[in-house]
Amino acid sequence: MRLLMLGGTEFVGRAVVDDALSRGWEVTVFNRGRHDPPAGVTALRGDRTAAGAPAALRRGEWDVVVDTWTGAPSAVRDAAESLAGRAGHYVYVSSRSVYRFPAAAGLAEDGPLVDGSPDAGEVGYPEAKRGGELAATAAFGDRALLARAGLILGPRENIGRLPWWLLRTARGGRVLAPGPYDSALQYIDARDLAAWVLDAAERGLGGPYNVVSEPGHTTMGELLETCARVTGGGAELRWTDPEPILAAGVEPWEQLPIWLPPGEVYDTLHRGDVSKALAAGLSCRPVAETVADTWAWLRQLDGPPPQRPDRDPVGLDPETERKLLAG
């Protein structure tokens, strides 16, 4: 199999490349060259933000294209239109953010969607992902696979959610742990996402799939206890009800990564229907493996973990945590 990975040097894209190489596939990566490509791939260079399809993508043939683009849908449109006659399958890594908010608990792939356009420039994240879906589908039809991921964790994460908790518990001491302890979480390890999209593309699957774990694959309690255990920092988790945390003005998800209190946002992010992807072979590794492997990756870094330039850093400042713990 011949894979063209649009991106391929960071987080999800790198997980796709690593998985494809492990299968013996021929891998080509296309990006701006800001990061060194993985060993064993053919590297193409270009800028997708320029008008029209990049010159490097105007020749060549591939069995599968994987695209993780999060910017202007017009960039997906230009790439997909250029590749439609020279590639077998187009996988667009989308997001469950394409569903209109609030998404009811148990929402499946046929739920109501935000408006989007394949011709749009820079728009909000939900509209950008929906526009990307429309662009991929317009060019490839039923050869377009729309992988609607949710919360993505694992080694090489460049948003900082799981790395923040690992680094915080590694410092030890009393740690503000937002409850409820048994709050069920829904996420996917980037490596499981990569494996599923390549399997699905090889089988010729098309259309939308919610690609995250089952609700309750882990809980907030199990996740943070696992972080404390693998880091060995002597962290003392102090479980705290949502009410005082919210009263202090702390932002869920941003200041306390991954965590959401009960309500509409929680239902949207952590209670989606994934039965279609499970029936199509999705398998999710235990949270202990995701946490341990992410910690091992963090320990190998020479400096702080990578941070996407288009995302603000996440995490709670020590002074706010101290005040909440003192209260």
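See the structure shown above.
Residues numbered from 1 in each chain as written. Predicted model: local features only at pLDDT ≥ 70, side-chain atom pairs only at ≥ 80, totals over all residues. Heavy atoms only, no water.

Caption draft 1: View of the packing of aromatic side chains. Taken as a whole and assessed by the stated rule, the structure comprises four aromatic pairs. An angle of 75 degrees between the planes, with centres 4.8 Å apart, marks the rings of Trp164 and Trp165 as edge-to-face. Since its relative accessible area comes to 15%, Trp164 is described here as buried. By relative accessible area, Trp165 is classed as buried at 1%. (Phe/Tyr/Trp six-rings, centres within 6.5 Å; stacked < 30°, edge-to-face > 60°. Buried < 20%, exposed > 50% of the residue type's maximum accessible area, 1.4 Å probe, protein only.)

Caption draft 2: Fine view of helix H11 (residues 318-326). Within the sequence span of H11, burial applies to Glu321, Leu324 and Leu325. Down the axis of H11, the buried side of the element spans an arc of 100 degrees, and every buried residue falls inside it. Counted as exposed and oriented over 90 degrees from the buried face of H11: Lys323 and Ala326. Taken together, the buried residues of H11 touch helix H4 (161-171), strand E8 (173-178), strand E13 (235-240) and helix H7 (242-247). (Helix = DSSP H or I, 4+ residues; strand = E, 2+ residues; numbered from the N terminus. Arc of directions from axis to C-beta. Contact = heavy atoms within 4.5 Å.)

Caption draft 3: Main features of unusual backbone geometry. Of the consecutive residues Phe101 and Pro102, the connecting peptide bond is found in the cis state with omega at -5 degrees. Considering the arrangement of structural elements, one finds Pro102 in the loop between strand E5 (87-95) and helix H3 (125-140). The amide bond that connects Gly179 to the next residue, Pro180, takes the cis arrangement and shows omega of 5 degrees. With a phi close to 70 degrees, Arg156 is a non-glycine residue in the positive phi region. As for its position among the elements, Arg156 is in the loop between strand E7 (151-153) and H4. For Arg156, a relative accessible area of 31% puts it in the partly exposed group.

Caption draft 4: Representation of the packing of helix H6 (residues 220-231) against helix H10 (residues 287-300) within the structure. The interhelical angle for the contact between H6 and H10, taken along N-to-C directions, is 40 degrees, at an axis separation of 10 Å. The angle between H6 and H10 falls in the class oblique. Both H6 and H10 take part in a crossing whose hand is right-handed. For the pair H6 and H10, contact is made by Glu222, Leu223, Thr226, Cys227, Arg229, Val230 and Thr231 and by Val287, Ala288, Val291, Ala292 and Trp295, respectively. The residue inventory of the contact of H6 with H10, partitioned by class, reads eight nonpolar, two polar and two charged. (Axes fitted to C-alpha atoms, helices over the stretch in contact; angles between N-to-C directions. Parallel < 35°, antiparallel > 145°, perpendicular 65-115°, else oblique. Left-handed = near helix turned anticlockwise from the far one by under 90°. Nonpolar A, V, L, I, M, F, W, Y, C, P; charged D, E, K, R; others polar.)

Caption draft 5: Structural detail: the environment of Arg322. The residue Arg322 is located in helix H11 in this model. Since its relative accessible area comes to 45%, Arg322 is described here as partly exposed. Separated by 226 residues in the primary sequence, Arg322 and Arg96 have C-alpha atoms spaced 35 Å apart.

Caption draft 6: Looking closely at the nonpolar core. In this structure, Leu3, Val16, Val66, Leu193 and Trp196 are the most contacted members of the largest nonpolar core, which totals 37 residues. For this core, the leading source of residues is helix H5 (residues 190-203), giving eight residues. Counting 35 residues, the second largest nonpolar core, distinct from the first, contains Trp165, Val250, Ile258 and Leu298. (Core = buried A, V, L, I, M, F, W, Y, C linked by side-chain atoms within 4.5 Å.)

Caption draft 7: Region of the structure containing the sheet that holds strand E4 (residues 62-67). Sheet architecture is open: seven strands sit in the order E3-E2-E1-E4-E5-E6-E11, paired in parallel fashion. The sheet is open, and its two borders are formed by strand E3 (42-45) and strand E11 (207-211), each paired with just one other strand. Strand-to-strand, the axes of this sheet are offset by a mean angle of 20 degrees, without reference to chain direction. Relative to E11, strand E6 (residues 144-149) is paired through five bridges, and the arrangement is parallel. (Pairing = 2+ DSSP bridges.)

Caption draft 8: Layout of the pattern of salt bridges. Taken as a whole and judged by the stated rule, the model has 22 salt bridges. With its nearest N and O atoms 2.5 Å apart, the salt bridge here joins Arg23 to Asp19. Given a relative accessible area of 17%, Asp19 falls into the buried group. Taking the shortest distance from any N to any O, the salt bridge between Arg48 and Asp67 comes out at 2.8 Å. Placement of the pair is Arg48 in the loop between E3 and E4 and Asp67 in strand E4, with a sequence separation of 19 residues. The exposure classification of Arg48 matches that of Asp67, with both residues buried. A network of salt bridges, in which partner residues are shared, links Asp189, Arg191, Asp192, Arg285, Glu289 and Asp293. (Salt bridge = Lys/Arg side-chain N within 4 Å of Asp/Glu carboxyl O.)

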